[in-house]
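Each chain, written out:
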Amino acid sequence: MDGVKIRKAKPDDAAAAAPLIYSTGPIQFNLAYGSEARATSLISRLFARRGNISSFQYARMAEKSGKVAGILVLHDRDIIRNAYAQTGAELVRLAGPLFLFYRLPLYLRQGLMDPEPSQNELFVAQVAVVSSFRGQGIGRLLMKEAEDVANMKEYASISLGVSKNNRPAISLYKSLGYSIADVLESPWLKRRFGFAGVYRMVKSIQK
């Protein structure tokens, strides 16, 4: 796409990255961290550091006309499992143990609905486009980048999680060749917070 560049993220992208990452799951982030302000602050600080699940290491930024237009965050099973311990340690350091203790039950309930990737599968953890750049094909370009990475690193498939209520995103992913593989729901979270659940969508990578 003319005028759009995708590059690896840097620590100083944190301020632009945090609200984009938050926008991919406001209900989930609010449940985990308490509020939008707290969530975006913690995401920003985690993003700028190495080794945790929200690190810039796993992100790519889309730029247009010199401005951040979108973000793509990619994980696999090994990244997720290896980064969890450091992520917890970082959150304790940043937010304090008492804060996390009180939010732990919600955090664990949400964790049961995280669509963990299979072995040899690339996982699109987050993809988002800045509101002023939407409708210009940047979301599709970011998803193509994810597929290019999957092909280059020889993953067998690529997967993602999407809210059951996010019809535009579901339609986009289906048009790109993804299909619904699992439905992850929590009656308790739906009853208490209106969280409908998540579709795990998967696409095989052609060799």
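Note: the structure precedes this text.
Conventions we followed
- Residues numbered from 1 in each chain as written.
- Predicted model: local features only at pLDDT ≥ 70, side-chain atom pairs only at ≥ 80, totals over all residues.
- Heavy atoms only, no water.
- Salt bridge = Lys/Arg side-chain N within 4 Å of Asp/Glu carboxyl O.
- Buried < 20%, exposed > 50% of the residue type's maximum accessible area, 1.4 Å probe, protein only.
- Helix = DSSP H or I, 4+ residues; strand = E, 2+ residues; numbered from the N terminus.
- Axes fitted to C-alpha atoms, helices over the stretch in contact; angles between N-to-C directions.
- Parallel < 35°, antiparallel > 145°, perpendicular 65-115°, else oblique.
- Contact = heavy atoms within 4.5 Å.
- Nonpolar A, V, L, I, M, F, W, Y, C, P; charged D, E, K, R; others polar.
- Core = buried A, V, L, I, M, F, W, Y, C linked by side-chain atoms within 4.5 Å.
- Phe/Tyr/Trp six-rings, centres within 6.5 Å; stacked < 30°, edge-to-face > 60°.
- Pairing = 2+ DSSP bridges.

K.L.:
Just checking my understanding: could you explain the pattern of salt bridges for this structure?
P.N.:
Side chains that carry opposite charge are capable of pairing whenever their charged atoms lie near each other. Under the counting rule described, the total for this entry stands at 11 salt bridges. Salt-bridge contacts for D13 lead to R7; the nearest nitrogen and oxygen are separated by 2.8 Å. Neither residue differs from the other here; D13 and R7 are each classed as buried. Among the salt bridges present, the one from E185 reaches K164, with a minimum N-O distance of 2.3 Å. Taken together, the residues E185 in the loop between β6 (179-184) and α8 (187-193) and K164 in the loop between β5 (157-163) and α7 (167-175) connect sequence positions 21 residues apart. Salt bridges sharing common partners tie together K5, R7, D13 and E63.

K.L.:
Help me out: how do you make sense of the packing of helix α1 (residues 14-23) against helix α2 (residues 26-33) in this one?
P.N.:
If you want to describe how two helices pack, look at the angle between their axes and the distance between the axes. The geometry of α1 relative to α2 is characterised by a closest axis approach of 7 Å and an angle of 105 degrees between their N-to-C directions. Viewed along their axes, α1 and α2 adopt a mutual orientation that is roughly perpendicular. Of α2, the residues touching α1 (which contributes I21, Y22 and S23) are P26, F29 and N30. Each residue belonging to the contact of α1 with α2 can be placed in one class, and the counts come to 4 nonpolar, 2 polar and no charged.

K.L.:
Just to check I follow, could you spell out the nonpolar core for this structure?
P.N.:
Nonpolar side chains tend to gather and get buried jointly when the protein is soluble and globular. V124, I138, L160, V162, Y173 and M201 are the most contacted members of the largest nonpolar core, which has 27 residues in total. At 6 residues, helix α6 (residues 138-152) tops the list of elements feeding residues into this core. Among the nonpolar cores identified, the runner-up in size contains 25 residues, and A17, A18, L42 and I71 belong to it.

K.L.:
How do you make sense of α1 when you look at a structure like this?
P.N.:
For the α-helix, the turn length of 3.6 residues means that residues three or four positions removed from each other point alike. When α1 is considered as a whole, its buried residues turn out to be A14, A17, A18, L20, I21 and Y22. Elements in contact with the buried residues of α1: α2, α3 (36-47), β2 (59-64), β3 (67-75) and β4 (121-129).

K.L.:
Explanation requested: the packing of aromatic side chains in the structure shown.
P.N.:
Two measures describe an aromatic ring pair: the distance that separates the ring centres and the angle between the ring planes. In this structure the tally under the stated criterion is 3 aromatic pairs. Among the aromatic residues, ring-to-ring pairing joins Y22, F29 and Y33 into one connected group.

K.L.:
Mind showing me how you'd approach the environment of L94 here?
P.N.:
When you line up the elements, L94 lands in helix α4 (residues 77-95). Its relative accessible area of 14% is what places L94 among the buried residues. C-alpha of L94 to C-alpha of R45: the two residues are 49 residues apart in sequence and 8.2 Å apart in space. Once residues lying within four places of it in the same chain are set aside, the contact partners of L94 are L42, R45 and L46.

K.L.:
How should the sheet that holds strand β1 (residues 4-8) be read in this particular structure?
P.N.:
By way of backbone hydrogen bonds, the strands of a sheet pair with one another, either parallel or antiparallel. Spatial ordering of the open sheet is given by β1-β2-β3-β4-β5-β7-β6, a layout of 7 strands whose pairing is mixed. Pairing within the sheet leaves two strands with one partner each, and these edge strands are β1 and β6. Across the sheet, the mean angle separating the axes of adjacent strands is 25 degrees when strand polarity is ignored. With 7 bridges joining them, β5 and strand β7 (residues 198-204) adopt antiparallel strand pairing. Residue S163 lies in a different strand from β7, and its bridge partner there is V198. Its contacts with the sheet place α1 against β2, β3 and β4, and it is angled at close to 60 degrees to β3. Along the sheet, α7 makes contact with β4, β5, β6 and β7, crossing β5 at roughly 165 degrees.

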